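# Examination of the molecular architecture
Residues per chain, in single letters:
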Amino acid sequence: MSNMENTVEESGVIRWDPAGKGFNPYTGVENDFRTVTSQIPSNKITRSRAVIAESAPELFPTVSGTSNQNDYWLKLAQALGGYGAGSGGGDSGATKLGYAELAYKKAKDAQDRQDALAALGYDRAQSARILGGMENYYTSGQYGKGFDDLLNMINEQGKVSETGVRDAYGRAQTNIGQGYDVASGLGTAGFNALNQYLAQNQNNPYAGMQATAGTAPDALTSYLSAYGVSDQPVQGQIQADQLQAQQGAANYQNLIDVLSGVAQQGAGSRGAESQMAQLLFNTGLGQERAGYQGQAENAQAQALAALQQQLFQSRFGVQSDRNSLANQLAQQIIQAGGSLSGGTSGDGGKQPVVPPSSIEQILQEIAARQEAGTQTGGLSGGIAPGLEAYAI
Amino acid sequence: MAYNPADYEARRRGYTQQYGATGAMNAYANFLARQRGTRGRQDMLRQYDEAQPKVVAGYSRRGLVGPNVKSGIFSRGLQTLAKQRARNLQDYDQGQLEEQRMYDLGEAQRLEAFKNQLADMESEKAQTIANAARQLYANRMGMI
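### What to know about the overall build of chain B
Helix and strand counts for chain B stand at two helices and two strands. Relative to its 144 residues, chain B shows a buried fraction of 35%. For chain B, restricting intrachain contacts to residue pairs at least 6 apart in sequence, the fraction spanning at least 24 positions comes to 81%. When the accessible surface of chain B is split by element, carbon and sulfur atoms take 54% of a total near 8400 Å².

Structure below.
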C-alpha cells in the first residue's frame, strides 16, 4: 500500500490514479507527474539529484516545492499529463516529454557544474589555506626553529667539548708539573746525599802525613871522653848524615804534598762533577717538562681544531639543510603563486583565494555561456573539465 | 736503569771489607817489619857494645893505650869505631824509616783508592737516582 495520495501501487510500481497518466518510455511504466509527491523510482540519476538537492536546495526548488513556475519536474509532469489526456492544442505528448527530459538534463548539468565549482572552490580554498600556511611558515621563519634548536645543541655540545678539552689540558699540565716536582725532588735528594757524603768524607789521606828525618844516633861521646878521645869527627859525620836524612825527608814531604794536592784536586773535581751532574739533571728534566708541556699544548690545539672542524661541519650541515628546506618552500610557494615577502597572498588559510562572490560570478558566466551554446576550456570562467559533454 | 739501594750497600760492604782486610794484613806485616827492625838494631848495638872493649884491648896489647899512654892511633881508631857505629845505626834507622814511609804512603794511597771507590759509587748512585727519576717522569708522562 502506498503512503502517498492519489497513487496506487501495482506490481511494485507506483502510478497515478485516475487522471494524468503518462507513459515513461525510459522506465516502461505509467506515472503521474502533475502532483508528484512520491519518490522517483530509484536509480543512479535520481540518487544523484537527491544528493544535490540536499546540498544545494536553492538550485532545485522543484524538489521541495511544487508551486514554483520553474519547477522542471512540474513541467515534465504537465507535459506528460497533456500527452496522457490527449489534449488537442500545442505540442504532442512525445514532444513535451522530450522537452521535459531536456529540461531535466539541463538542470542536472547545471547542478553538476555547480558541484564542480563548489569542489573547485573547496580545492582552491584548501590550496589557499595550504599556501597561506606555507607562506606564514616561510616568512615567519618557523621552519628554521628545528634548525635553530640543532645549532643551539651543537653550540652547547661544542662548549661542553671545549671545556672538556681544556680541563684535560689543565690536568695534563698539573700532572706534568707534579711529575716534574717529584722527579726533581728525587734527583735532588740523590745529589744532596752525594754532596753530603763528599763533604763528610774528604778524600785526602796525605793531609796528616809529616816526613821526619829520624833521630840521630849517639856519637859515643861519653865512651870516647873516658879515653880522652874527642868526638868531633863523629859528630861531624852524624850531622852530615842527619842533613842527608833531612833532605830525604823533605823530598818525601814534597811527594806527600803532591799526592795530597792531587787528592784535593780529585775531591774538588768530584764535587764539581756532582754539581755538573745535578745541573745536567735539572736541565734535562726541565727540557723534558717543556717537551711534555709542548706536547700537551699541541694536543690541546689539535683537539680544539678537530672540535672546531666538527662543529663547523655540523653547522654547515644544519645550515645546508635549512637552506635546502627554505629553497624547497620558496619554490613551492612560488609555484603555488604565493609571495615570499609575506602578506600579499593568503592569510594563513583562513580565507580562500577565490572569494565566494567570484564563484558566483563564474557560475553565472558558465550558465550564460551555456545558454549561448558556447564551450570554453579552463576552469576560470569556462566549463569545468568533465562537464563539456553536458554542454548544449 | 733501575735504582736498587741494596746493590750499592752490598758494594759498599764489599769495598769496606776488602779495604779492612787488606789494611789489617798490611798493618800486621808492618808490625812484623818494625819488630824485625827493632831486633836488628838491638843486635847491632849489642855487637858494637861487645866490640868496643875488644878494640880497646887490642890497642892496649900493642901498648898504644894504657895508663899515661894515649896514642894518636888509638884515638883515631876509637873515633873510627864511633863513626862506623853512628853510620851503621843511622843507615839502619833510615832504612827502617823509609820502610815505614813506604808503608804509610801505601796505606794512604790505599785509603785514597778506597774512598774513591766509595765516592765513585756514591756518584753512580746519585746518577742512577737521577736517571730513575727521569724514567719515572717519562713513565708518568707516558700514561697521560
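### Side note on the overall build of chain A
Counting its secondary structure elements, chain A contains eight helices and four strands. Along the chain direction, N to C, the helices and strands of chain A fall in the order β-β-β-β-α-α-α-α-α-α-α-α. Burial status across chain A gives 35% buried among its 392 residues. Nonlocal contacts in chain A, meaning residues at least 24 apart in sequence, comprise 64% of its contacts between residues at least 6 apart. As displayed, chain A offers around 22700 Å² of accessible surface, 53% of which is attributable to carbon and sulfur atoms.

### Let's talk about the packing of helix 7 (residues 232-335) of chain A against helix 2 (residues 72-142) of chain B
Where helix 7 of chain A meets helix 2 of chain B, the axes come as close as 11 Å, and the angle between the chain directions of the two elements is 0°. The angle between helix 7 of chain A and helix 2 of chain B places the two elements in the roughly parallel class. When grouped by side-chain class, the residues that make up the contact of helix 7 of chain A with helix 2 of chain B number 22 nonpolar, eleven polar and eleven charged.

### A word on the interface of chain A and chain B
Taken together, the contacts link 56 residues of chain A with 45 residues of chain B. If you look at where chain A meets chain B, you find four salt bridges. Measuring nitrogen to oxygen at the nearest pair gives 2.3 Å for the salt bridge that ties Asp120(B) to Arg270(A). Of all elements in the fold, only helix 5 (145-200), helix 6 (221-226) and helix 7 of chain A reach the threshold of two or more residues within the side of chain A that touches chain B. Among the elements that line the side of chain A that touches chain B, the one with the most residues is helix 7 of chain A, at 21 residues. Of the residues in the side of chain A that touches chain B, the class split is 35 nonpolar, 16 polar and five charged.

### Describing the packing of aromatic side chains
Applying the stated rule across the entire model yields twelve aromatic pairs over all chains. The interplanar angle of 85° and the centroid separation of 5.2 Å between the aromatic rings of Tyr292(A) and Tyr137(B) together place this pair among those described as edge-to-face. Taken together, the residues span two chains, with Tyr292(A) in helix 7 and Tyr137(B) in helix 2. Tyr292(A) gets classed as buried once you look at its relative accessible area, which sits at 17%.

### Describing the pattern of salt bridges
Residue and element names in this part refer to chain A. For the structure on display, the rule yields 17 salt bridges over all chains. Between Asp149 and Lys145 there is a salt bridge; the shortest N-O distance is 3.4 Å. Linking Asp149 with Lys145, this pair stays in helix 5, spanning four residues, or about one helical turn. Taking the relative accessible area as the measure of exposure, Asp149 reaches 35% and is therefore partly exposed.

### What about helix 4 (residues 93-139) of chain A?
Helix length check: helix 4 of chain A (47 residues) gives 67 Å between terminal C-alpha atoms against 69 Å at 1.5 Å per residue, within 8%. Two residues or fewer after helix 4 of chain A comes Gly141(A), characterised by a positive phi angle close to 75°.

### Let's talk about the packing of helix 5 of chain A against helix 2 of chain B
At their nearest, the axes of helix 5 of chain A and helix 2 of chain B sit 9 Å apart, and the two run at 175° to each other. One element, helix 5 of chain A, and the other, helix 2 of chain B, form an angle in the roughly antiparallel class. Of the residues in the contact of helix 5 of chain A with helix 2 of chain B, the class split is 18 nonpolar, seven polar and two charged.

### Description of the confidence of the model for chain A
Residue and element names in this part refer to chain A. Taken residue by residue, chain A gives an average pLDDT of 77. The fraction at 70 or more is 65%. The secondary-structure element of chain A with the lowest mean pLDDT is helix 2 (residues 61-64), recorded at 47, while helix 5 shows the highest, at 94. Across residues 1-5 the pLDDT falls below 50, and counting only partners more than four positions away or on other chains, this stretch makes nine contacts in the model.

### Re the environment of Gln335(A)
Tracing the backbone shows Gln335(A) in helix 7. The spatial distance from the C-alpha of Gln335(A) to the C-alpha of Leu131(A) is 10.0 Å, given a sequence separation of 204 residues.

### As for the nonpolar core
The biggest cluster of nonpolar side chains holds 25 residues, and the ones touching the most others in it are Ile176(A), Phe191(A), Phe281(A), Leu285(A), Leu118(B) and Tyr137(B). Those elements that place two or more of their residues in this core are helix 5 and helix 7 of chain A together with helix 1 (5-61) and helix 2 of chain B. Within the second largest apolar cluster, 19 residues are counted, among which are Ala219(A), Val229(A), Ile238(A) and Tyr59(B).

### Let's talk about the confidence of the model for chain B
Taken residue by residue, chain B gives an average pLDDT of 92. The fraction at 70 or more is 99%. Looking across chain B, the model is least confident in strand 2 (residues 69-70) of chain B, with a mean pLDDT of 80, and most confident in helix 1 of chain B, with 94.

### Here's the deal with the environment of Gly133(A)
Note that Gly133(A) resides in helix 4. Note on Gly133(A): relative accessible area 29%, which makes it partly exposed.

Cut-offs and rules
- Residues numbered from 1 in each chain as written.
- Chains lettered and ligands numbered in written order.
- Predicted model: local features only at pLDDT ≥ 70, side-chain atom pairs only at ≥ 80, totals over all residues.
- Heavy atoms only, no water.
- Helix = DSSP H or I, 4+ residues; strand = E, 2+ residues; numbered from the N terminus.
- Buried < 20%, exposed > 50% of the residue type's maximum accessible area, 1.4 Å probe, protein only.
- Contact = heavy atoms within 4.5 Å.
- Areas by Shrake-Rupley, 256 points an atom, 1.4 Å probe, with all protein chains shown as cover.
- Axes fitted to C-alpha atoms, helices over the stretch in contact; angles between N-to-C directions.
- Parallel < 35°, antiparallel > 145°, perpendicular 65-115°, else oblique.
- Nonpolar A, V, L, I, M, F, W, Y, C, P; charged D, E, K, R; others polar.
- Salt bridge = Lys/Arg side-chain N within 4 Å of Asp/Glu carboxyl O.
- Phe/Tyr/Trp six-rings, centres within 6.5 Å; stacked < 30°, edge-to-face > 60°.
- Expected span 1.5 Å × (residues − 1).
- pLDDT = per-residue confidence, 0-100.
- Core = buried A, V, L, I, M, F, W, Y, C linked by side-chain atoms within 4.5 Å.

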